Amino acid sequence: MITCSVGGGDKFTETVVLWDSLASQWQLAPNEGAYVDRQQGTSCANCGSNLRSIALADAIRSAVGTDLTLQAYVTQPEARTLSVLEINEAGHLSPTLRQLTGHVLAAYPAVDTHALPVTPLISWFILTL
Ligand SMILES: [Zn+2]
């Protein structure tokens, strides 16, 4: 059973996101199209995060060494030291990431990714979806 690492939900909805002509145009094999549908179209019924956002949340949780959901983690004192550069909005993670004191959103076209508003350090997570 899947548990949402963003908010802890355990109910998911499934939506087909690829249509046949697009899958054909992208020359996707049926299993590749099914993968994209699952990655993008399977979402937490509670917070709306899709599997791709949940995987990103898992990566952040792993990097900071917490078993808390991402929504719970961002409220912890240690999260105040975390710096996150989010390049374009990272799906349903964006509202949660914005709670971090060290959060910076760089969105196209306002920000040129070749001239970022901050200098990423090793402790920065760079997210893009
Ligand atoms: Zn969720």
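Going by the structure above, here's the rest.
Here's a quick rundown of the structure. (Residues numbered from 1 in each chain as written. Predicted model: local features only at pLDDT ≥ 70, side-chain atom pairs only at ≥ 80, totals over all residues.)

1. Focus: the overall build of the protein
What counts is decided by this rule: Every helix listed is a DSSP run of H or I at least four residues long, and every strand listed is a run of E at least two residues long, numbered separately from the N terminus. Any residue whose C-beta has 12 or fewer other C-beta atoms within 10 Å is treated as exposed, any with 20 or more as buried, and any in between as partly exposed, C-beta atoms being built from the backbone. In this description, a residue-residue contact is defined by the distance between C-beta atoms placed from the backbone, which must lie within 7 Å.
Across its full length, the protein holds five helices and five strands. The order of α-helices and β-strands along the protein, N terminus first, is β-α-α-β-α-α-β-α-β-β. Residues counted as buried form 21% of the 129 residues belonging to the protein. A sequence separation of at least 24 residues applies to 59% of the contacts in the protein between residues at least 6 apart.

2. Looking at the nonpolar core
Stated precisely, the cut-off is as follows: Remark: nonpolar core denotes a set of buried Ala, Val, Leu, Ile, Met, Phe, Trp, Tyr and Cys residues whose joining runs through C-beta atoms within 7 Å.
Ranked by size, the top nonpolar core spans 17 residues in total, and within it Cys4, Val6, Leu56, Ala57, Leu70 and Leu93 carry the most contacts. Top element by residues in this core is helix α3 (residues 51-64). It accounts for four residues.

3. Overview of the environment of glutamine 39
With respect to the helices and strands, the residue glutamine 39 is situated in helix α2 (residues 30-41). As a C-alpha pair, glutamine 39 and arginine 52 span 13 residues in sequence and 5.5 Å in three-dimensional space. Not counting residues within four places of it along the chain, the set of residues in contact with glutamine 39 comprises Asn50, Leu51 and Arg52.

4. Points about α3
We count it as follows: What a helix should span is 1.5 Å times the count of its residues minus one.
Across its 14 residues, α3 extends 20 Å between first and last C-alpha, which sits within 8% of the 20 Å expected from 1.5 Å per residue. Along α3, the positions that sit buried rather than exposed are Arg52, Ser53, Ile54, Leu56, Ala57 and Ile60.

These results come straight from atomic positions and should not be treated as a statement about function.
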